Protein chains: 2
Amino acid sequence: MKGYLVSSGTELLLGQTVNTNATYLGQQLAGLGIDLHTVITIGDNLERLAEAIRQGGEAADLVIVSGGLGPTEDDISREALALALNITLQYHPTAKEVTERFFTRRGLDIPKVNERQFLAPSGAVILDNPFGTAPGVYYERHGKIYILLPGPPRELIPMFENELLPLLHNKSAGTVIFSRVLKVAGIGEPAAEAKIKDLIHSANPTVAPAAKRGEIHFRITAKAEGIEAAKNLIAPLEKAIRERLGSYVFGQDQDSLEGVVAGLLREKGLTIGVAESCTGGLVAHRLTNIPGSSDYFQLGIVAYHNLWKESLLNVSGEVLRAKGAVSPEVAIAMAKGIRAKANTSIGLSVTGIAGPGGATAEKPVGLVYSGIDFGDRQLVFKEQLVGSRQDIKWRSSQWALMQLYQELKKN
Amino acid sequence: MKGYLVSSGTELLLGQTVNTNATYLGQQLAGLGIDLHTVITIGDNLERLAEAIRQGGEAADLVIVSGGLGPTEDDISREALALALNITLQYHPTAKEVTERFFTRRGLDIPKVNERQFLAPSGAVILDNPFGTAPGVYYERHGKIYILLPGPPRELIPMFENELLPLLHNKSAGTVIFSRVLKVAGIGEPAAEAKIKDLIHSANPTVAPAAKRGEIHFRITAKAEGIEAAKNLIAPLEKAIRERLGSYVFGQDQDSLEGVVAGLLREKGLTIGVAESCTGGLVAHRLTNIPGSSDYFQLGIVAYHNLWKESLLNVSGEVLRAKGAVSPEVAIAMAKGIRAKANTSIGLSVTGIAGPGGATAEKPVGLVYSGIDFGDRQLVFKEQLVGSRQDIKWRSSQWALMQLYQELKKN
């Protein structure tokens, strides 16, 4: 089965928005064995958009249009589909329900302008959108499938996964491309690649490394007749990479480091308190991104000034003055302090210099210490990170969570 | 002048690489006043690539092909250009120099396979590439310009800026596109648009709304002969929008809400403490993302459990039991509590239900209160937000910062 993606939006042509929808849909379609043939980006122009849809219908079996489903006059994907196929749009009660629910949940009346979103081709299947006002459209005509999806990824992705995937699964068959991503942190990219260098260039499956902020992703991709065959191709290579990289591999595919740490805390029935300086609340934020985080997360203190390290975390003023706030001694004292204060199984701390200011000759920007107080042990880790202030905050949080992950795996 | 971009590479269609070249080139061409008409992504298929180049030559004055200039058999952009224009490729001594230098600098012989990179149309201008083996190609034919650029951004960007920009500057003469983005929060997209509806459809300058997470961006774009003329076209429209939207406009262009709030705090010499429940540290994280945040940020407490709201923020246990943690009374008490604890000019609090669990009949997921204790006033705001847990956390932080912004603007 062949696919054709039409991305609609002048902001994409002006380079104001990165077309991550094309990347996402490309991955998803490949996973379904649908061969994405072309991606074309068109501005908010009715004629040109209709022409692209028409060309898609000639070249492929499945045409997806992303964007242009909002309520404003710029949102012309519905009209372009009708023009391309020479059909008319009709009032669609299910579409109305989707849009209406968005407003009624907020206790609001539906603005007149949103009534454009009630329109769809007769016989279309409406795709639900719990995160926005735009209903999606699935429409078959002359043996081809036409799909309209909203532009914002937070609406497009759930609509694709919840509404479209079941419909498309029935349509596609045969050769599939399947990927497994192994996620690695706590080691630099060159060092990680050196460990698996000889595994990186097989033809099928392939291994492609990608450096992300504070982690490395190794994507193993196989092409085979059916998902099971592809998974069987991947399995031995995945096993070899996992063995070589050991506890640097924290997860796979959609796993996040905070999610994996949260899972271990919950599994072991442990609670945690976090004392942060340079990360400014980011570690607490990440640990509370996981649904149900109140099971393990108790208390976070962002003790930006030494005053609070002393009064709230019980760090000795003498140690602060003698060693400085960015020191292994203070990292440990903060971890012990938050654990005692919050009465948790674990105290985790981060103290460092996020920059661009605040560095001294002995303590450069990016110097970070992380402390763990867990059971009867106190551990401290030191790292020298690089990047912008936000990079260093992120990498510090990444690195503190990775140390905690490795500790939790040991016990 | 119209532009047409052909992105070549199967990895783009499979979603293994994000097409950031399209974003970069879109921005650059807009800055040159070249109107990018279409971006089309094609796999490594000679016929289809040639067809896309042919279509580009029909639709536009300038056709750029990115990718496909490497030495392997997948790299077919040179051949596709020749096929599209029905010309032949020839050995080009300058192309050879570019490729050769890459190897000789490393003390290597040129591999046989790289000899394909010596080929170019007769009469083409070769674009230098100090960062790779692939020479770029600039070629004019029948009044149209065809450009071949390498795919890796670290090669494409310097080649564009150093080699191509001077050539294109002479061609595009005069007309530029200039944009100003006004950033709006604390109001829904439909309500904001309704206020400026009649301003949205002028032809030049245009106004395009874009809904981001927790904010709306209105992009005003003008096309004119030179930057100053474009700015003059934008000014009256910008003024009108600012007047209509008033204090919902928090910033412009690269401004972030936390950056603007930080600027006001610093300007007024104010300090802040933050008490968070549902946002889990995100407000503190955002306020400490700004370099030099220790000027105004003092202390953050993530009081996830009621115990900490009582003991660290001095919220009355009676009120917690009677009204619940997600209530206006507790929001105010938290704001007062953190201000007193941290001894700051301002106390800011957020308490709410981020979901997906934790809701009751009276208190649905997304219900959020934010409190401000500032001067001799205590303010509390209520909002019903929607989305995933992370959306609600973000929108809550956005909305608390926006209330603070509006308070700071008043005083």
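Here is what the cut-offs are and how they apply
Within each chain, residue numbers correspond to sequence positions counted from 1 in written order. Here chains are named by letter from A upward and ligands by number from 1 upward, in the order in which they appear as written. Local features are withheld for residues below a pLDDT of 70 in this predicted model, meaning they are given only at 70 or higher, and side-chain atom pairs are given and counted only at 80 or more; totals for whole chains, interfaces and linings count all residues. Where helices and strands are cited, they refer to DSSP runs of H or I of at least four residues and of E of at least two residues respectively, numbered from the N terminus. To estimate the expected span of a helix, count its residues, drop one, and scale the result by 1.5 Å. Here a residue counts as buried when 20 or more other C-beta atoms sit within 10 Å of its C-beta, as exposed when there are 12 or fewer, and as partly exposed otherwise, the C-beta atoms being derived from the backbone. By arc we mean the arc of the directions from the helix axis to the C-beta atoms, nothing more. Here, residues touch in the contact sense if the C-beta positions derived from the backbone fall within 7 Å of one another. Note: two strands are recorded as paired if DSSP finds a minimum of 2 bridges between them. Fitting a line to C-alpha atoms yields each axis, with helices limited to the stretch in contact; the angle taken between N-to-C directions then spans 0 to 180 degrees. Whether a crossing is left-handed or right-handed is set by the direction in which the near helix is turned from the far one by less than a right angle, anticlockwise for left-handed and clockwise for right-handed.

Visitor: Any chance you could explain helix α3 (residues 46-59) of chain B here in plain terms?
Guide: Given 3.6 residues to a turn, an α-helix orients residues that are three or four positions apart in the same direction. All names here are of chain B. Taking 1.5 Å of rise per residue, 14 residues should cover 20 Å, and α3 covers 20 Å from first to last C-alpha, within 8% of that figure. Every buried residue of α3 is listed here: Leu49, Ala50, Ala52, Ile53, Gly56 and Gly57. All buried residues of α3 lie within an arc of 160° about the axis, which places them on one face of the element. In α3, the exposed residues that point more than 90 degrees away from the buried face are Glu47 and Glu58. The inward-facing, buried residues of α3 abut β1 (2-8), β2 (35-42), β3 (62-66), α4 (77-85) and β8 (144-149).

Visitor: Hey, could you run me through the sheet that holds strand β13 (residues 272-276) of chain A in this one?
Guide: In a beta sheet, neighbouring strands are held together by backbone hydrogen bonds and run either parallel or antiparallel to one another. Read from one edge to the other, the open sheet built from ten strands follows the order β17(A)-β16(A)-β15(A)-β13(A)-β14(A)-β14(B)-β13(B)-β15(B)-β16(B)-β17(B), with strand pairing classed as mixed. Of all the strands in the sheet, the pair left with one neighbour each is β17 (377-384) of chain A together with β17 (377-384) of chain B. Direction aside, neighbouring strands of the sheet carry axes that sit 10° apart on average. In this sheet, strand β14 (residues 297-303) of chain B lies alongside strand β14 (residues 297-303) of chain A in antiparallel orientation, the contact comprising five bridges. The residue of β14(B) that forms the bridge with A:Gly300 is B:Val302. Of the strands in this sheet, β13, β14, β15 (346-352), β16 (367-374) and β17 of chain A are in contact with helix α13 (residues 328-342) of chain A, which crosses β15(A) at around 145°.

Visitor: So what exactly am I meant to see when it comes to the interface of chain A and chain B here?
Guide: Quite often, the size of an interface is put as the accessible area lost when its parts meet. Each partner contributes residues to the interface: chain A has 61 residues there, and chain B has 57 residues. Only α1 (10-13), α2 (20-31), β2 (35-42), α10 (282-287), β14 and α14 (389-410) of chain A provide two or more residues apiece to the side of chain A that touches chain B. Ranked by the residues each element gives to the side of chain A that touches chain B, the list is headed by α2(A), at eight residues. Where β2(A) meets β2(B), five bridges bridge the pair, whose relative direction is antiparallel. Residue pairing for β2(B): A:Thr38 is matched across the bridge by B:Ile42.

Visitor: I would appreciate a short explanation of the packing of helix α9 (residues 257-267) of chain A against α14(A) in the present structure.
Guide: Residue and element names in this part refer to chain A. Closest axis-to-axis distance for the α9/α14 pair is 10 Å, and the angle between their directions is 35°. Here the hand of the crossing between α9 and α14 comes out left-handed. Of the residues in α14, those in contact with Leu257, Glu258, Val260, Val261 and Leu264 of α9 are Gln398, Leu401, Met402, Leu404, Tyr405 and Leu408.

Visitor: Got a minute to help me understand the pairing of β16(A) in this structure?
Guide: On any regular strand, side chains alternate: one points to one face of the sheet, the next to the other face. All names here are of chain A. With eight of eight residues buried, β16 lies mostly within the body of the structure. Burial along β16 is two-sided: Leu367, Tyr369, Gly371 and Asp373 facing one way and Val368, Ser370, Ile372 and Phe374 facing the other are all buried. Pairing geometry for β15 and β16, over seven bridges, is antiparallel. Counterpart to serine 349 in the pairing with β16 is glycine 371. With eight bridges joining them, β16 and β17 adopt antiparallel strand pairing. If you follow isoleucine 372 over to β17, its bridge partner there is leucine 379.

Visitor: How should I be thinking about the sheet that holds strand β12 (residues 249-252) of chain B in this particular structure?
Guide: All names here are of chain B. Spatially, four strands are ordered β10-β11-β9-β12 in an open sheet, and the strand pairing comes out antiparallel. Whereas interior strands pair on both sides, the edge strands pair on one side only; in this sheet they are β10 (206-212) and β12. Adjacent strand axes in the sheet meet at a mean angle of 25° when their direction is disregarded. Note: strand β9 (residues 175-184) against β12, three bridges, orientation antiparallel. Residue leucine 182 lies in a different strand from β12, and its bridge partner there is glutamine 252.

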